[in-house]
Amino acid sequence: MTLASTALAAASLALAAAPVPLASSPEYTLPFVGPGTYLIFGIVLAPVYAMVAAWFIGDPSDRDSGLLGVGYLAGLTTVLWGGLFVATLVIGAVFF
């Protein structure tokens, strides 16, 4: 065994023993907030934020159409999250 492979094995063992930060760990103070939350709401949804802002700021802007679009987005999001919540409850009741 060479010195490089020994060092690599020791480094991988040290990484495997390092604790994985979870959303339930004490360093996260808000419930359900982890590193992925900031990624999704901060970066992935940035085009959606720009689209909604353009409905009201852009030229020509129509307040009624913008509010209708926001209503559609809120309704679609509610239906999707509600359906996933009900599916989670059913899976939990049936399998656990």
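Residues numbered from 1 in each chain as written. Predicted model: local features only at pLDDT ≥ 70, side-chain atom pairs only at ≥ 80, totals over all residues. Heavy atoms only, no water.

Undergrad: Would you mind showing me how to read the overall build of the protein chain here?
TA: Each helix and strand counted, the protein chain has four helices and zero strands in total. The proportion of buried residues among the 96 residues of the protein chain is 5%. As displayed, the protein chain has an accessible area near 8,100 Å², and 78% of this comes from carbon and sulfur atoms. (Helix = DSSP H or I, 4+ residues; strand = E, 2+ residues; numbered from the N terminus. Buried < 20%, exposed > 50% of the residue type's maximum accessible area, 1.4 Å probe, protein only. Areas by Shrake-Rupley, 256 points an atom, 1.4 Å probe, with all protein chains shown as cover.)

Undergrad: Would you mind going over a nonpolar patch on the surface with me for this structure?
TA: On the surface, a nonpolar cluster with roughly 740 Å² of combined accessible area is contributed by Leu39, Ile40, Phe41, Ile43, Val44, Val48, Tyr49 and Met51. Per element, the largest residue contribution to the nonpolar patch is five residues, and it comes from helix H2 (residues 35–44). For Ile40, the position within the fold is in helix H2. Judged by its relative accessible area of 45%, Ile40 is partly exposed. (Patch = residues over 30% accessible without salt bridge, like charges linked within 9 Å, V, L, I, M, F, W, Y side chains within 5 Å. Salt bridge = Lys/Arg side-chain N within 4 Å of Asp/Glu carboxyl O.)

Undergrad: Can you walk me through the packing of H2 against helix H3 (residues 46–57) in this structure?
TA: One can describe the packing of H2 onto H3 by two numbers: an axis separation of 5 Å at closest approach and a directional angle of 40°. Put simply, H2 runs oblique to H3. Judged by residue contacts, Phe41, Gly42, Ile43 and Val44 of H2 engage Ala46, Pro47 and Tyr49 from H3. Looking at side-chain class alone, the contact of H2 with H3 contains six nonpolar, one polar and no charged residues. (Axes fitted to C-alpha atoms, helices over the stretch in contact; angles between N-to-C directions. Parallel < 35°, antiparallel > 145°, perpendicular 65-115°, else oblique. Contact = heavy atoms within 4.5 Å. Nonpolar A, V, L, I, M, F, W, Y, C, P; charged D, E, K, R; others polar.)

Undergrad: Can you help me understand the packing of H3 against helix H4 (residues 63–95) in this one?
TA: Between two packed helices, both the angle of their axes relative to each other and the distance between the axes serve to describe the pair. Their axes nearest at 8 Å, the elements H3 and H4 cross at an angle of 155°. With respect to H4, the axis of H3 lies roughly antiparallel. Listed contacts from H4 to Val48, Met51, Val52, Trp55 and Phe56 of H3 are Arg63, Gly66, Leu67, Gly69, Val70 and Leu73. In terms of residue class, the contact of H3 with H4 is made up of eight nonpolar, two polar and one charged.

Undergrad: Would you mind going over the confidence of the model for the protein chain with me for this structure?
TA: Do not read the predicted coordinates in detail wherever pLDDT is low. When pLDDT is averaged along the protein chain, the result is 80; 67% of the residues meet or exceed 70. Confidence, expressed as mean pLDDT per element, reaches its minimum in the protein chain at helix H1 (residues 3–17) with 62 and its maximum at H4 with 94. (pLDDT = per-residue confidence, 0-100.)

Undergrad: Is there a simple way to explain the environment of Ala54 in this structure?
TA: Tracing the sequence through the fold places Ala54 in helix H3. A residue is classified by how much of its surface remains accessible, and Ala54, at 42% relative accessible area, is partly exposed.

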